[in-house]
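Coordinates in review
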Amino acid sequence: MVDNILTTSDCSKVTRIPVTTLRWYRHQGTGPKSFRLGPRKVFYKESDVMAWLDQQYNADQDTT
């Protein structure tokens, strides 16, 4: 199975989370799993982003 690779901007559009917030999450280690290609380019696997969203949803359901 081929997984789509998302830029930070693409991830922002999918999650509706601002790019700056995604950068902060990356810095804190709390956002979707990301990886670097080269020294500056950051990417996300679409499946990792969707899994992170599901995890956020499930965590919210556990508190209600």
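The text that follows walks through the structure, step by step, so that each part is easy to find.

What counts and what doesn't
- Residues numbered from 1 in each chain as written.
- Predicted model: local features only at pLDDT ≥ 70, side-chain atom pairs only at ≥ 80, totals over all residues.
- Heavy atoms only, no water.
- Helix = DSSP H or I, 4+ residues; strand = E, 2+ residues; numbered from the N terminus.
- Buried < 20%, exposed > 50% of the residue type's maximum accessible area, 1.4 Å probe, protein only.
- Contact = heavy atoms within 4.5 Å.
- Areas by Shrake-Rupley, 256 points an atom, 1.4 Å probe, with all protein chains shown as cover.
- Lys, Arg positive; Asp, Glu negative; His and termini not counted.
- Charge placed at Lys NZ, Arg CZ, Asp CG, Glu CD.
- Axes fitted to C-alpha atoms, helices over the stretch in contact; angles between N-to-C directions.
- Parallel < 35°, antiparallel > 145°, perpendicular 65-115°, else oblique.
- Nonpolar A, V, L, I, M, F, W, Y, C, P; charged D, E, K, R; others polar.

**Notes on the overall build of the protein**
Secondary structure summary: the protein contains three helices and three strands in total. In the protein, the succession of α and β elements from N to C terminus is β-α-α-β-β-α. With the C-alpha coordinates of the protein rotated into their principal frame, the extents come out at 40 × 30 × 20 Å. Taken across its 64 residues, the protein has 22% of its residues classed as buried. Taking as baseline every contact in the protein between residues at least 6 positions apart, the subset at least 24 positions apart corresponds to 44%. Entry remark: accessible area of the protein is about 4,900 Å², with carbon and sulfur atoms responsible for 51%. Here the protein contributes 9 positively and 7 negatively charged side chains, and the mean placements of these two sets differ by 14 Å.

**Let's talk about the packing of helix α1 (residues 8–15) against helix α2 (residues 19–28)**
In contact at an axis separation of 9 Å, α1 and α2 are set at 105° when each is read in the N-to-C sense. Our classification of the angle between α1 and α2 gives roughly perpendicular. In this structure, α1 contributes Thr8, Ser9, Cys11, Ser12 and Thr15 to the contact, and α2 contributes Val19, Leu22 and Arg26. Within the contact of α1 with α2, the residues separate by chemical class into three nonpolar, four polar and one charged.

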